[in-house]
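One-letter residues, chain by chain:
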Amino acid sequence: MKLNVYTIERSITTLGPYKRFGLWVQGCHRNCPGCIAGQSHQESDGRWIDTGALSWEIIAAKETEGLTISGGEPFLQASALAELIGKVKAFRDVGVIIYTGFLLEELDALPGGRDLLSLTDLLIDGPYVRELDDGKSLRGSSNQRVHALTPRYASLLHLYGAEGRPTEEFWHSGTIHTVGIPNQASPTSTLK
Ligand code: SF4
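All values reported here derive from a predicted model rather than from experimental measurement. Numbering of residues starts from 1 in every chain and runs along the sequence as written. For a predicted model such as this one, the threshold for reporting local features is a pLDDT of at least 70, and the threshold for listing and counting side-chain atom pairs is 80 or more; totals across whole chains, interfaces and linings nevertheless cover every residue. Note: side-chain values were computed over all heavy atoms of the structure, leaving out hydrogens and water.

Caption draft 1: How the structure looks around helix H2 (residues 78-89). Note on conventions: DSSP H or I runs of at least 4 residues are helices, E runs of at least 2 residues are strands, and numbering of each starts at the N terminus. Helix span is expected to be 1.5 Å times the residue number reduced by one. Across its 12 residues, H2 extends 16 Å between first and last C-alpha, which sits within 8% of the 16 Å expected from 1.5 Å per residue. Exposure classes here rest on a 1.4 Å probe applied to the protein chains alone. A residue is buried below 20% of its type maximum, exposed above 50%, and partly exposed in between. When we look at burial in H2, the residues that qualify are Ala 78, Ala 80, Leu 81, Ala 82, Leu 84, Ile 85 and Val 88. The contact criterion used throughout is that any non-hydrogen atoms of two residues lie within 4.5 Å. At its buried positions, H2 is contacted by strand S1 (2-12), strand S2 (20-25), helix H1 (51-60), strand S4 (66-70), strand S5 (95-99) and helix H4 (113-118).

In structure tokens form, the structure reads like this:
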């Protein structure tokens, strides 16, 4: 299968514990006011990448403990993501963290949703609500919930909603990408 990808960063530190492989998928219909990832909304703007080829990139990123998937809306491509993660896990024990605008209770009913959930260690759910943006770490607004679906990160839940919002910057072809969850005042916010 192919996955519609917005962008990739091979080693990030601001969207979960440890060093992580960052994957942002393309396509989201939700249009949350204040969304910082507007470039990831239009499906036609993405890059289609074969899950096999992408899995080898993730397997090769051995300095990372796991994978954080955001977007865009990951659960609109749940089947392809489940296939990707399955291929990676056949060779490496990676942890999987996913940000979704859906609620956990909605995911089972989506095509491929149950498969992707079964491969997810930590899920941050719910849409971004600008009025509830309290500037806390690792989530965009206070309505978003953090679910430890496996024990892997269960002892690290205190990191979510803590004080501070670290961000990091990457340059690609003259374009700056800010990774993390920046405060709304940040002028260079491009990714979540
Ligand atoms: S915040 Fe997330 S769910 Fe909301 S529009 Fe942006 S990408 Fe979509």
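Moving on, there is more to tell.
Caption draft 2: Main features of the packing of aromatic side chains. Side-chain rings of Phe, Tyr and Trp (the six-membered ring for Trp) are treated as a pair once their centres are within 6.5 Å; stacked means planes under 30 degrees apart, edge-to-face means over 60, and tilted covers the remaining angles. In this structure the tally under the stated criterion is one aromatic pair. Measuring from centroid to centroid gives 4.9 Å for Trp 56 and Phe 91, while their planes differ by 50 degrees, and the two rings are tilted. You can see Trp 56 sitting in helix H1 and its partner Phe 91 sitting in the loop between H2 and S5, a full 35 residues away along the chain. Relative accessible area serves as the criterion here: at 55%, Phe 91 is assigned to the exposed category. Positioned above the aromatic ring of Phe 102 is the side chain of Arg 30, whose terminal nitrogen or guanidinium carbon lies 4.8 Å from the ring centre. Distance and angle both matter: a charge sits over a ring if NZ of Lys or CZ of Arg is within 6 Å of the ring centre and within 35 degrees of the ring normal.

Caption draft 3: Examining the layout of surface pockets more closely. Of the pockets and cavities examined, the largest pocket occupies roughly 150 Å³. Contributing to the lining of the largest pocket are 15 residues, with Thr 14, Ser 137, Leu 138, Leu 159 and Pro 166 lying nearest its centre. When its residues are assigned to classes, the lining of the largest pocket shows seven nonpolar, six polar and two charged. Put simply, the grid is 1 Å and covers the protein atoms alone, a cavity is a trapped set of points that fit a 1.4 Å probe, a pocket is an open set with protein on both sides within 12 Å along at least five of seven lines, and lining residues have an atom within 4 Å of a point. Grid points are joined across faces, edges and corners, and a volume is the space filled by probe spheres set on the points. Each residue receives one of three labels: charged for Asp, Glu, Lys and Arg, nonpolar for Ala, Val, Leu, Ile, Met, Phe, Trp, Tyr, Cys and Pro, and polar for the others, Gly being one of them.

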